[in-house]
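# Summary of structural features
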Amino acid sequence: MKDLLRLRTSLSETIEQILNEQIKMEAEASAMYLAMSSWCDRNGFDFSAGYFKQQSDEEREHMLRLFKYVSDMGGRAISPSVNNIQVEFDSFRSVFEQALQQEIAVTQSFNRIADKCQKEKDYVTFTFLQWFLKEQIEEEYVARRALELFEVIGEEGTGQYEIDKRVPKIKYENEYEG
């Protein structure tokens, strides 16, 4: 019976498993960003709260995109459970440090999946992943620039307020203008 079910999908068991792991990672990222939004809101960082809420929505969208792909390919997409999400943070800056660490981890995960797809000659999934790989360029850029605001502006006086105001305005331009 297992062999018959495997014929329904062009995804290997390995690729299906790592895509489901990525679905879980995206769900956890969405929950983490929502917790960051809540922390920022409770601590008076309204602009950053809105930014992290938007990030949470984007991560959920990424999860759903992966879920749909696995399902569309005849695989078994698994709705993940999400537990033990951090809700307290040491400081305003630490929220952004963790956000950058999360984005770097997601990029590394997508790179591992792409590498596995090439090794298994699953070029359909490899092509599907290109959107996510390009998206990660923007995600890391914005997270890095937000964290750099702490160095450029500083946190003294009205610094945190200025940082909070500027975070949602950070945009990634993928065109080189020289």
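All values derive from a computational prediction rather than experimental measurement.

## A few points about the pattern of salt bridges
One pass over the structure, following the stated rule, counts eleven salt bridges. With a shortest N-O distance of 3.1 Å, Arg-93 and Glu-97 are connected by a salt bridge. Highlighted residues: Arg-93 and Glu-97, both in helix α4 (residues 92–119), separated by four residues, approximately one helical turn. What makes Arg-93 partly exposed here is its relative accessible area of 22%. Close ionic contact of Glu-148 with Arg-145 constitutes a salt bridge, the shortest N to O distance being 2.9 Å. One end of the pair, Glu-148, and the other, Arg-145, are both in helix α5 (residues 123–153), three residues apart, so they sit about a helical turn from each other. Under the relative-accessibility criterion, Glu-148 is labelled partly exposed at 35%. The class for Arg-145 is partly exposed, based on a relative accessible area of 30%.

## Here we look at the nonpolar core
Among the nonpolar cores identified, the biggest contains 24 residues, and Met-36, Cys-40, Phe-52, Phe-92, Val-95 and Phe-96 are the most heavily contacted of them. Residue assignment for this core shows that the elements contributing at least two residues are α2 (13–42), α3 (46–72), α4 and α5. If you tally residues by element for this core, the top one is α5, at six residues. The contacts of Met-36, once residues within four sequence positions are left out, are Phe-52, Phe-89, Val-95, Gln-98 and Ala-99. Met-25, Leu-66, Ala-114 and Phe-132 belong to the second-largest nonpolar core, a separate cluster that totals 21 residues.

## Section: the UniProt feature "binding site: Fe cation" (unreviewed entry) in the chain
Within this numbering scheme, the UniProt entry marks Glu-26, Glu-59, His-62, Glu-103 and Gln-136 as carrying the feature "binding site: Fe cation" (unreviewed entry). Considering the C-alpha atoms alone, the annotated residues occupy 111 residues of sequence yet fold into one spot, their largest mutual distance being 12.8 Å. Within the secondary structure, Glu-26 is located in helix α2. Contacts of Glu-26, omitting those with residues within four sequence positions, involve Glu-59, His-62, Met-63, Leu-66, Val-106 and Phe-110. Note that Glu-103 resides in helix α4. The buried category is assigned to Glu-103, whose relative accessible area is 1%. The residues contacting Glu-103, other than those within four sequence positions of it, are Tyr-33, Gln-55, Glu-59, Gln-136, Glu-139, Glu-140 and Ala-143. Of note is the side chain of Glu-103, whose polar atom sits 2.5 Å from the side chain of Tyr-33.

Thresholds applied
- Residues numbered from 1 in each chain as written.
- Predicted model: local features only at pLDDT ≥ 70, side-chain atom pairs only at ≥ 80, totals over all residues.
- Heavy atoms only, no water.
- Salt bridge = Lys/Arg side-chain N within 4 Å of Asp/Glu carboxyl O.
- Helix = DSSP H or I, 4+ residues; strand = E, 2+ residues; numbered from the N terminus.
- Buried < 20%, exposed > 50% of the residue type's maximum accessible area, 1.4 Å probe, protein only.
- Core = buried A, V, L, I, M, F, W, Y, C linked by side-chain atoms within 4.5 Å.
- Contact = heavy atoms within 4.5 Å.
- UniProt positions renumbered as here; feature names shortened; annotations may be inferred.
- Polar contact = N/O pair within 3.5 Å; in protein donor to acceptor, adjacent residues only side chain to side chain.

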